[in-house]
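Residues per chain are reported as follows:
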Amino acid sequence: MTIMTSLSPRALSAPESGIVEVVNYARGRDGLIPLWVGEGDLPTPDFISRAAAQGLMGGETFYTWQRGIPPLREALVRYYQRRFQKTLAPENFYVTGSGMQAIKLSIEAIASPGDEIVLLTPAWPNFAAAADLSGVRPVSVPLRFENGKWQLDLDRLEAAIGKKTRALFINTPSNPTGWTATQDDLKAILSLARKHGLWIIADEIYALYYYLGGRAPSFLDIMAEDDRILFVNSFSKNWAMTGWRVGWIVAPPAVGQVLENLIQYSTSGVAQFMQRGAVVALDEGDGFVDDNVAKARRNRDMLCDALIATNRVETLKPDGALYAFLKIDGVTDARRASMDIVDETGVGLAPGTAFGEGGSLFMRACFLRDPAQIAEAADRLRTYILGR
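If you're wondering where the values come from, they're calculated on a predicted model, not measured in any experiment.

**What about the pairing of strand β4 (residues 137–142)?**
Then step 1. Bridging between strand β3 (residues 116–121) and β4 involves 6 bridges; their strand directions are parallel. The residue of β4 that forms the bridge with isoleucine 117 is proline 138.
Then step 2. Once the chain exits β3 it traverses helix α6 (residues 125–133) before rejoining the sheet at β4, and the crossover so formed is right-handed.

**Here we look at the domain arrangement of the protein chain**
Then step 1. Taken domain by domain, the protein chain comprises domain 1 (16–44 + 286–387) and domain 2 (47–285).
Then step 2. Taking only C-alpha atoms into account, the centre of domain 1 sits 25 Å from that of domain 2.
Then step 3. Listed per partner, the contact involves 35 residues of domain 1 and 39 residues of domain 2.
Then step 4. Of the roughly 3100 Å² buried where domain 1 meets domain 2, counting both sides, 56% is carbon and sulfur surface.
Then step 5. Joining domain 1 to domain 2, the criterion identifies 4 salt bridges.
Then step 6. Among the ionic pairs, aspartate 319 bridges to lysine 149, the shortest N-O distance being 3.6 Å.
Then step 7. Put simply, domain 1 and domain 2 have 19 residue pairs in polar contact (both at pLDDT 80 or more) between them.
Then step 8. Where the side of domain 1 that touches domain 2 is concerned, the elements lending two or more residues are α11 (286–308), β12 (323–328) and β15 (362–366).
Then step 9. Examining the composition of the side of domain 1 that touches domain 2, we find that 10 residues originate from one element, α11, more than from any other.

**Structural notes on the sheet that holds β3**
Two pairing modes exist for strands in a sheet, parallel and antiparallel, and in both the strands are linked by backbone hydrogen bonds.
Then step 1. As summarised here, the arrangement of the 7 strands in space is β2-β10-β9-β8-β7-β3-β4, forming an open sheet in which the pairing is mixed. Because the sheet does not close on itself, it has two edges, and the strands there are β2 (93–96) and β4. On average, adjacent strands in this sheet sit at an angle of 25° to one another, irrespective of strand direction.

**Brief notes about the side chain of serine 234**
Then step 1. Its location among the elements puts serine 234 in strand β9 (residues 229–234).
Then step 2. A distance of 2.9 Å separates a polar atom in the side chain of serine 234 from a polar atom in the side chain of serine 236.
Then step 3. Other than its neighbours up to four places away in sequence, serine 234 contacts Gly99, Ile205, Trp239, Val246, Gly247 and Trp248.

**Section: the sheet that holds β15**
Then step 1. The strand order across the open sheet built from 4 strands is β11-β12-β15-β14, with neighbouring strands paired in antiparallel fashion. The strands lining the two open edges of the sheet, one partner per strand, are β11 (313–314) and β14 (350–351).
Then step 2. Direction of pairing for β14 relative to β15: antiparallel, over a ladder of 2 bridges. When the sheet's bridge partners are listed, proline 351 is paired in β15 with methionine 363.
Then step 3. The strands touched by α11 are β11, β12 and β15; relative to β12, the strand with the most contacts, the crossing angle is about 10°.

**Some details on the environment of arginine 297**
Then step 1. Note that arginine 297 resides in helix α11.
Then step 2. Expressed as a C-alpha distance, the spacing of arginine 297 and proline 71, which sit 226 residues apart in the sequence, is 32 Å.
Then step 3. With residues up to four places along the chain from it excluded, the contact list for arginine 297 reads Tyr210 and Tyr211.

**Points about the nonpolar core**
Then step 1. Core analysis: the largest hydrophobic core is formed by 106 residues, its most contacted members being Tyr80, Phe219, Phe235 and Trp239.
Then step 2. Of the residues that make up this core, three or more belong to each of domain 1 (16–44 + 286–387) and domain 2 (47–285).
Then step 3. With residues near it in sequence (within four places) discarded, phenylalanine 219 still touches Ile170, Leu186, Ile189, Leu190, Ile200, Ala202, Glu204, Ile229 and Phe231.
Then step 4. Formed by 24 residues, the second largest nonpolar core is a distinct cluster that contains Ala111, Ala167, Ala251 and Ile263.

Parameters and conventions
Residues numbered from 1 in each chain as written. Predicted model: local features only at pLDDT ≥ 70, side-chain atom pairs only at ≥ 80, totals over all residues. Heavy atoms only, no water. Pairing = 2+ DSSP bridges. Helix = DSSP H or I, 4+ residues; strand = E, 2+ residues; numbered from the N terminus. Right-handed = clockwise from strand over helix to strand, strands pointing away. Domains from an automatic or database assignment. Contact = heavy atoms within 4.5 Å. Buried area = accessible area lost by both parts, 1.4 Å probe. Salt bridge = Lys/Arg side-chain N within 4 Å of Asp/Glu carboxyl O. Polar contact = N/O pair within 3.5 Å; in protein donor to acceptor, adjacent residues only side chain to side chain. Axes fitted to C-alpha atoms, helices over the stretch in contact; angles between N-to-C directions. Core = buried A, V, L, I, M, F, W, Y, C linked by side-chain atoms within 4.5 Å. Buried < 20%, exposed > 50% of the residue type's maximum accessible area, 1.4 Å probe, protein only.

Structure representation (structure tokens):
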């Protein structure tokens with residue numbers, strides 16, 4: 001038996017990230033414009049970092065509340081009152097070591113090995129991989145792509161529900177497609193979950209990145225108190241805190257001890273000084289978030305208008321999230337094309353092959369960057385597309 005064959009089959013089956021593969025291929029090149037990863041180019045604002053630094057220098061380096069420090073859970077209450085017009089209690093919130101951990105713990109809380117969770121694709125690949133690592137089978141239901149727009153196929157979603165299904169994973173606004181569920185879509189999905197006795201894992205991380213006005217529709221707008229929904233979220237996108245790895249779960253208080261136990265046996269909580277920064281992000285960061293959303297809207301228009309004008313790119317401007325998901329004429333192998341585009345243009349795109357069923361002909365570009373970079377990237381990509 002070799003070292004590798006002695007490892008767990010579940011660990012061995014964990015896939016390499018198709019996004020990271022391209023990043024590693026091109027990292028460090030001169031003149032590179034990196035649009036492949038889902039983050040902006042601004043560092044965390046000083047007012048957030050200062051709060052964390054003050055906590056660190058003040059000695060907040062000990063074990064702390066597994067569920068999150070009380071000031072952070074109370075700040076989350078205020079945030080949801082302000083942004084979602086929803087009155088929740090501190091007992092609804094559980095602080096996690098990233099949005100990724102929030103997803104993993106939600107899967108562990110509601111599904112057992114051999115169960116299934118249905119998800120809409122193309123999708124951020126980490127959810128399906130996290131389910132696999134928990135022994136839970138992810139079942140893909142592709143969104144419909146027609147005339148440049150992504151749409152929910154409710155009949156296809158219901159057809160995917162079987163005896164082993166435990167939950168629906170719904171990411172809206174969606175990474176990578178930008179598909180954003182209408183309130184009617186959410187009502188229909190919730191009705192399905194109620195009919196079949198399922199949980200919903202609602203990933204609403206991009207709820208504020210919504211370009212039709214206000215914030216995106218949420219299950220919080222329509223749910224009843226006894227609906228089985230776990231909301232997963234993160235500080236990463238809204239407040240430029242991707243490297244901090246702090247997230248949260250919104251859950252019924254009845255499952256609180258279960259979630260606390262799962263946190264205890266995975267990370268034993270999030271560093272208190274980092275949570276101090278998160279408190280300030282929630283309470284003082286609305287202006288920063290609103291500016292970022294406005295910048296993202298302008299960049300979306302700039303990038304999409306330039307590429308759609310070539311008449312060789314099939315897409316519409318996304319209603320939400322941070323990504324243009326581009327179907328370029330003649331691209332039949334998005335993985336290979338992503339390497340070629342880096343070599344020929346110096347623009348880094350994520351291949352649609354990384355996002356599961358329905359994404360293989362597409363390329364993802366994150367447009368939350370300096371507008372001058374987006375303009376330059378649009379010009380380079382336009383030249384590449386027209387030269388094919």
